[in-house]
Structures are given as C-alpha cells and as structure tokens.
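# An overview of the molecular structure
The lines below spell out each chain.
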Amino acid sequence: MLDVKNLSAGYGDIVAVRDFSFLLKPGKILALLGVNGAGKSSTLMTLMGIVEQKGGEILLDGVDISNLAANRRIRQGMAIVPEGRRIFSDLSVQENLTIGGHIVDAATLKRGIAQAYEYFPRLAERMGQKAGSLSGGEQQMLAIGRALVSNPRLLLVDELSLGLMPKIIDECYDVLAKLRSDGMAIILVEQNTERALAVADDVAVLEAGNSVWSGSAADAANDSSLVETFLGTA
Amino acid sequence: MLYLELFIQGLVQGSIYGLIALGLTLVYGLLRILHVAHAALFTLGGYIGVVVTNTTGSFPLAIVVAMVAVGLVGMAVYKLAYEPLLHRPPYIALIASIALFIASEEIFRIVFGPFGLSYIDPPLQGQIEIFAGFRLKYGEILVMGIAIVMLSALAWLSAKTRTGIAWRATVTDPEMAAAFGINIQNVRYLNFFIASALAAVAGVLVALLNNLVEPTMGSVPSYKALAIIVLGGLGSIRGTLVASLALGIIESFGTIYVGHLLDRDALAFAFLILILMVRPQGLLGGK
Ligand SMILES: Nc1ncnc2c1ncn2[C@@H]1O[C@H](COP(=O)(O)OP(=O)(O)OP(=O)(O)O)[C@@H](O)[C@H]1O
Ligand SMILES: [Mg+2]
C-alpha cells in the first residue's frame with residue numbers, strides 16, 4: 001500500500017533524510033531504527049506532510065501523495081502518533097480526540113471517539129480532564145487514541161515506549177497488535193530495539209539520514225553485527 | 001452609594017477595555033505578535049459606526065457593518081502585514097505593526113478629515129435611574145450588555161464547537177494541529193476576524209459614549225490595551241478580562257481619590273508597575 005521511493009527531506013538547507021526507499025503492505029509493521037538524529041522522526045513527519053520533502057515519491061496505493069497537504073493524507077488513511085506525544089495539553093481528553101477526527105463528519109467522529117475509548121478505557125474515565133494533567137502513560141494512550149479517531153489504514157508511530165512503565169508499554173503494544181491483525185499497516189520508530197524486532201515484520205535502519213540496512217525482522221534479529229554496528233548494543 | 005456608582009462606571013469602562021484587549025490577546029496567543037495596529041481597527045470601527053448610522057439612521061446596522069467590515073480589514077492586515085513576517089523574529093512584526101498604526105492615523109485624517117465626526121442624531125442618549133441619584137445612559141448599559149453577549153458567544157464558540165476546539169489546538173501546537181488536518185491559515189483568518197470585529201464594536205460604542213471619533217482615538221487604547229494584556233499574563237484570555245475590569249474600576253476610583261496626583265491614563269501604568277512588581281507573570285499568567 002505504501003511505496004516510498006528515494007525520499008529526501010529536511011529543514012531549509014539541512015538534509016535529514018536522503019534517498020530513502022521502502023515498501024509496506026497492509027497488516028505489516030515496519031520498524032524504523034537508528035541512533036539519535038538518524039532521521040526517523042523526520043521521515044515520519046515528511047510522510048505526514050509536515051516536514052519539507054525535497055525529493056523522491058511517496059506512493060499510497062500507487063498514487064503519489066508528495067504534494068498533498070496533511071488533511072488530504074489523513075483522508076487517504078494516514079495518521080501519526082508523534083514523538084513526545086504532543087497531545088494538546090490545554091484541551092480535554094475528549095477535545096484531543098475531537099482534533100484527531102478533525103477532518104471527518106460528525107457521525108464518523110462520534111464512532112471514532114467511541115472506538116478510541118474502547119481501545120483505552122482509561123481515557124474514557126478521564127474524558128473531561130485536561131490532557132496536560134494525565135500521566136505519561138495516559139498521554140501516550142491519548143496520542144494513540146487521537147490518531148485512531150480518523151480510522152486510518154496506515155499508522156505512523158514515533159517512540160512508542162519511551163519513558164513508560166513496562167505494563168503500559170505492553171498495553172500499547174497489545175493495541176498495535178490488534179490493529180495489525182485488522183489489516184492496518186504500521187511504521188514503528190522505537191528506541192527499544194529488542195521490542196521493535198519482536199513485533200515488526202520488516203526493518204529499515206537509518207544512519208545520518210541514509211538507509212544502511214533493510215530486511216526482515218527475523219534476519220535483523222539474527223544479525224548481531226547489525227545491532228552492534230548501527231543501533232548500539234541492544 | 002458613591003462607591004457603587006464608581007464601581008459601575010468602572011465596569012462600563014472595563015468592558016470597553018476588555019473588548020479591545022481581548023483581540024490583542026487572541027493575536028498574541030496564536031502568533032506571538034504584539035498587534036499594536038489593533039487600535040487602528042478600533043478607530044476604524046468608530047468611523048464606520050458613525051458614518052453608517054448617519055447615512056442609514058440605523059445604529060444596529062452600523063454595529064453589524066462595522067464588525068464585518070473591520071473583521072475583513074483585520075484579515076487583510078494579517079495577510080499583507082504579518083504573514084510575510086512570520087518566519088522572522090517577532091520584533092519585526094511589531095515594528096510593522098507600529099508603522100501601520102501610525103500610518104492609519106494619517107489615513108483617517110485624509111479620508112474622514114482632521115476634526116473628527118459625530119453622530120448627527122446620537123442614539124441611546126436616554127438615561128435610566130439605577131437607584132436614587134444614580135443614572136446610567138442607555139449607551140452605557142448597552143456597552144456592558146454587548147460585552148457580555150460577545151464574550152459569552154466567544155466562550156461558547158471556543159468550548160463547544162469543533163471550530164473552536166481546532167482554534168485552541170492551533171494555539172497550543174500549530175504544527176500538530178496541521179498534522180491532524182487543521183487548516184491553520186483559516187484559523188488565523190478567523191482569529192483576526194473575531195479580534196478585529198470585537199475592536200470594531202468597542203470603537204462604535206466609544207464613539208457613542210463620547211459622541212466623537214477622531215483620527216487619534218486609538219492612541220490611548222493602544223498602549224492601555226498593551227498594559228492590560230501584560231497585566232493579564234500574556235496570552236491568557238481570562239487574565240485579560242480580569243485585568244480589563246480591574247483597570248476600569250481602578251481608574252474610576254483613582255480619578256476621584258488620587259486624580260490630583262495622577263491623571264487617568266497614568267494610573268493604568270502605575271497599576272501595571274505595581275502589579276508586575278508583585279506578580280511578574282501577570283494576574284493570571286502561568287510562568
Ligand atoms: N526542526 C528542525 N530543524 C532543523 N533540523 C532539524 C529539525 N528537526 C530535526 N532536525 C535535524 O534532522 C536530523 C534528524 O533528526 P530526527 O529528529 O529526524 O532524528 P531521529 O532519528 O528521530 O532522532 P531521535 O532518535 O533522537 O528522535 C538531525 O540532524 C536533527 O538535528
Ligand atoms: Mg525522533
């Protein structure tokens with residue numbers, strides 16, 4: 001469904017991603033790995049239409065979406081769980097979810113929000129609470145829930161587990177697994193290499209904006225030199 | 001009873017400050033620009049109000065026309081003056097804003113003449129006795145009424161509508177708002193429309209209370225509104241309203257009790273300095 005060809009992206013004169021290509025099918029998880037500053041977040045934000053794309057193509061079901069604004073990409077079925085969660089802290093939980101469904105009609109929005117609460121019942125208990133007052137784990141749940149409201153087919157997830165308790169991490173990964181089994185395609189950026197390799201189908205490794213390795217997650221897990229060379233000791 | 005009178009007069013003045021200063025807060029909250037030229041839109045509102053009332057005889061129509069026309073001018077100010085400067089340091093937009101404000105006085109002078117305009121047949125001049133010996137003009141009651149209606153409408157819009165929620169989300173994190181498909185350009189236009197329309201209605205009302213609009217009508221409100229938004233804790237809507245009413249009331253009492261020391265407009269700044277010494281983040285500001 002997603003076919004990225006020779007993607008380059010950056011900020012003004014800074015090039016953060018160079019000539020990056022990969023393929024993603026429905027119901028698959030691609031883990032995007034690399035050390036700090038490798039260009040993982042920049043890649044996701046470029047796919048979403050927020051960071052400036054400098055070259056290459058982003059084909060979604062064969063159609064190049066490179067020039068579409070974010071709202072059109074969401075309509076095509078993309079959504080993001082951004083690095084650092086970036087929930088709207090002054091807004092309530094319910095309002096954050098409303099933003100997640102900003103581009104959908106009222107009935108779809110209602111269904112989407114109900115769905116998010118189903119995935120994360122703890123959010124439902126806190127629907128009127130200011131998002132900024134949630135715990136870190138709840139904020140991550142809200143960030144995921146917010147992305148799900150528009151009912152995406154392709155989910156971009158940045159740093160799912162960072163700073164969270166193991167129990168919460170498990171809960172979030174359970175949701176991802178469920179989404180995948182429903183046919184969702186997921187790009188997962190994860191600091192926790194072990195965790196990422198365990199859940200992913202495919203792996204791409206970035207180093208200083210360049211793609212340096214790609215293949216199946218099983219191959220990546222068996223390739224101890226890969227882990228040592230590009231990801232630091234796991 | 002004198003206290004109550006002064007208090008109510010203070011509320012009337014504070015309502016006007018609130019209508020003006022709120023627009024500044026909205027612009028600052030969204031773009032981090034100190035929108036000095038806002039006061040020019042206030043003056044423009046006053047002119048349009050007087051001209052439309054005098055030509056059509058309808059004061060309500062004048063209010064609506066002033067709000068819509070000035071709202072559109074406010075959108076144009078954003079598009080032409082601020083948008084090209086958004087990627088520069090904020091003081092550049094501030095300089096542009098000051099220039100625009102100064103130029104606007106001259107434009108008013110050229111278009112409407114140097115001596116100001118008045119209502120030929122000023123509406124709402126009747127008075128009503130609130131209690132023995134204390135009367136308010138209908139116009140003054142209207143000021144408070146309009147302030148309450150406008151602010152309630154705004155509160156409803158921002159809390160209960162999807163547009164309002166998107167607006168607040170954009171204020172919190174514009175990039176993320178865009179990532180969820182919010183057209184932040186439209187949010188900015190809406191923001192300037194509302195801010196400017198509020199200033200316009202304040203201009204029409206001040207023109208009514210003074211029965212005069214002149215080119216320099218915006219100069220005192222321009223700096224006073226800046227004082228108010230600093231006092232309210234930059235960007236805080238509630239703080240702006242509290243500071244507006246507080247300033248109105250303090251001026252009202254101050255002119256009676258310390259008027260021989262400090263003139264009305266100097267009081268505003270004495271108050272500002274005093275509060276900022278105790279609470280540098282403003283009355284309701286965070287940190
Ligand atoms: N807003 C920005 N403006 C300029 N340069 C940026 C910006 N954001 C990121 N960069 C640069 O782009 C490069 C890639 O950063 P990016 O955030 O994509 O890396 P990352 O792989 O997500 O790192 P991390 O693991 O630390 O999150 C870095 O060199 C970074 O300094
Ligand atoms: Mg990152």
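Refer to the structure above for everything that follows.
Residues numbered from 1 in each chain as written. Chains lettered and ligands numbered in written order. Predicted model: local features only at pLDDT ≥ 70, side-chain atom pairs only at ≥ 80, totals over all residues. Heavy atoms only, no water.

What follows is about the overall build of chain B. Tallying secondary structure elements over chain B gives 11 helices and 2 strands in all. In terms of overall size, chain B behaves like a compact globule, its C-alpha atoms giving a radius of gyration of 19 Å where 287 residues would be expected to give roughly 19 Å. Projected onto its principal axes, the C-alpha coordinates of chain B cover approximately 60 × 50 × 35 Å. Looking at the 287 residues of chain B, the share that counts as buried comes to 51%. Restricting to contacts in chain B with at least 6 residues of sequence separation, those with at least 24 account for 76%. Separation between the mean location of the 15 positive side-chain charges and that of the 13 negative ones in chain B comes to 12 Å. (Helix = DSSP H or I, 4+ residues; strand = E, 2+ residues; numbered from the N terminus. Rg over C-alpha atoms; globule rule 2.2 N^0.38 Å. Buried < 20%, exposed > 50% of the residue type's maximum accessible area, 1.4 Å probe, protein only. Contact = heavy atoms within 4.5 Å. Lys, Arg positive; Asp, Glu negative; His and termini not counted. Charge placed at Lys NZ, Arg CZ, Asp CG, Glu CD.)

A tally of helices and strands in chain A yields 10 helices and 10 strands. Overall, chain A is about 45 × 40 × 35 Å in size when its C-alpha atoms are taken along their principal axes. When each of the 234 residues of chain A is scored for burial, the buried share is 53%. Long-range pairs, those at least 24 residues apart, make up 68% of the contacts in chain A with a sequence separation of at least 6.

Turning next to the interface of chain B and chain A. With 16 residues of chain B at the contact, the number on the chain A side is 26 residues. Between chain B and chain A the total buried area reaches about 1,800 Å² when both faces are included, carbon and sulfur atoms providing 65% of it. The largest share of the area that chain B buries against chain A comes from R162, M176 and F180 of chain B, three residues that together contribute 41% of it. Notably, a salt bridge pairs R168 of chain B with E95 of chain A, separated by 2.7 Å at the nearest N-O pair. Scanning the region where chain B abuts chain A turns up 6 residue pairs in polar contact (both at pLDDT 80 or more). Secondary-structure elements contributing two or more residues to the side of chain B that touches chain A are α6 (162-172) and α7 (174-179) of chain B. A per-element tally of the side of chain B that touches chain A places α6 of chain B first, with 6 residues. When grouped by side-chain class, the residues that make up the side of chain B that touches chain A number 10 nonpolar, 2 polar and 4 charged. (Buried area = accessible area lost by both parts, 1.4 Å probe. Salt bridge = Lys/Arg side-chain N within 4 Å of Asp/Glu carboxyl O. Polar contact = N/O pair within 3.5 Å; in protein donor to acceptor, adjacent residues only side chain to side chain. Nonpolar A, V, L, I, M, F, W, Y, C, P; charged D, E, K, R; others polar.)

A word on the coordination of the magnesium ion (ligand 2). Residue and element names in this part refer to chain A. Protein coordination at the magnesium ion (ligand 2) comes from S41 (OG), E83 (OE) and E83 (OE), with a distance range of 1.9 to 2.7 Å. Here S41 is found in helix α1 (residues 40-48), whereas its partner E83 is found in the loop between β6 (78-81) and α3 (93-100), with 42 residues between them in sequence. Under the relative-accessibility criterion, E83 is labelled partly exposed at 40%. (Donors = N, O, S within 2.8 Å, 3.2 Å for Na, K, Ca; no water.)

So, on to the site of ligand 1. Residue and element names in this part refer to chain A. Around ligand 1 sit 14 residues, and of these G37, K40, S41, S42 and E83 come closest. A distance of 3.2 Å separates an oxygen atom of ligand 1 from a polar backbone atom of A38. Here K40 contributes a side-chain N or O atom positioned 2.7 Å from an oxygen atom of ligand 1. Bound to the protein, ligand 1 loses 62% of the 630 Å² it would expose on its own. For the shell around ligand 1, the secondary-structure elements that each account for two or more residues are β2 (14-24) and α1. Broken down by element, the shell around ligand 1 gets its largest block of residues, 3 residues, from α1. Across the shell around ligand 1, the residue classes tally to 5 nonpolar, 6 polar and 3 charged. (Near = heavy atom within 4 Å. Areas by Shrake-Rupley, 256 points an atom, 1.4 Å probe, with all protein chains shown as cover.)

Mapped onto the elements, I194 of chain B comes out in helix α8 (residues 184-210). Discounting residues that sit within four places of it in the chain, I194 of chain B has contacts with L26, L154, L157 and W167 of chain B.

Let's shift gears to the packing of aromatic side chains. Residue and element names in this part refer to chain A. Scanning the entire structure with this criterion turns up 11 aromatic pairs over all chains. Plain terms: the ring middles of F20 and F22 are 5.0 Å apart, the flat faces sit at 50° to each other, and that makes the pair tilted. Classification of F20 as buried rests on a relative accessible area of 0%. Assessed through its relative accessible area of 8%, F22 is described here as buried. (Phe/Tyr/Trp six-rings, centres within 6.5 Å; stacked < 30°, edge-to-face > 60°.)

Of all hydrophobic cores here, the largest spans 173 residues; its most connected members are L2, L47, L154, L155 and I187 of chain A. Here this core takes 17 residues from α8 of chain B, the largest share from any one element. What L155 of chain A contacts, discounting residues up to four positions off in sequence, is A79, V81, A147, L148, L176, L179, M184, A185, I186 and I187 of chain A. (Core = buried A, V, L, I, M, F, W, Y, C linked by side-chain atoms within 4.5 Å.)

Counted by the stated rule, this structure contains 18 salt bridges over all chains. Through salt bridges with shared partners, a single ionic network connects R122, E125, R126 and E138 of chain A.

Moving on to the pairing of strand β9 (residues 202-207) of chain A. All names here are of chain A. Pairing analysis gives 4 bridges linking strand β3 (residues 29-33) to β9, with the strands arranged parallel. Across the sheet, the residue bridging to L33 is V205, located in β9. Pairing of β9 with strand β10 (residues 210-216), which is carried by 6 bridges, proceeds in the antiparallel orientation. In the sheet register, V205 faces β10, and the bridge partner there is W213. Between β9 and β10, which pair antiparallel and follow one another directly, the connecting turn spans 2 residues, one of which, A208, has a positive phi of 45°. (Pairing = 2+ DSSP bridges.)

The next thing to look at is unusual backbone geometry. One non-glycine residue, N6 of chain A, lies in the positive phi region at around 50°. Its relative accessible area of 41% is what places N6 of chain A among the partly exposed residues.

With that out of the way, let us pick up the side chain of T240 of chain B. Residues and elements named next belong to chain B. Examined against the element boundaries, T240 turns out to sit in helix α10 (residues 237-257). Its relative accessible area of 0% is what places T240 among the buried residues. Within the structure, T240 has its side chain in polar contact with the backbone oxygen of S236 (distance 2.7 Å). T240 has contacts with A21, L22, T25, I228, I229 and G232, leaving out every residue within four places of it along the chain.

Turning our eyes to something else, we now look at the pairing of strand β2 (residues 134-137) of chain B. Residue and element names in this part refer to chain B. The alternating pattern of β2 places F134 and L136 on a buried face, while none of R135 and K137, on the opposite face, is buried. Alignment of strand β1 (residues 127-131) against β2, held across 4 bridges, turns out to be antiparallel. Counted as the bridge partner of I128 is L136 from β2. Counted between consecutive antiparallel strands, the loop separating β1 from β2 contains 2 residues, among which G133 sits at a positive phi close to 85°.

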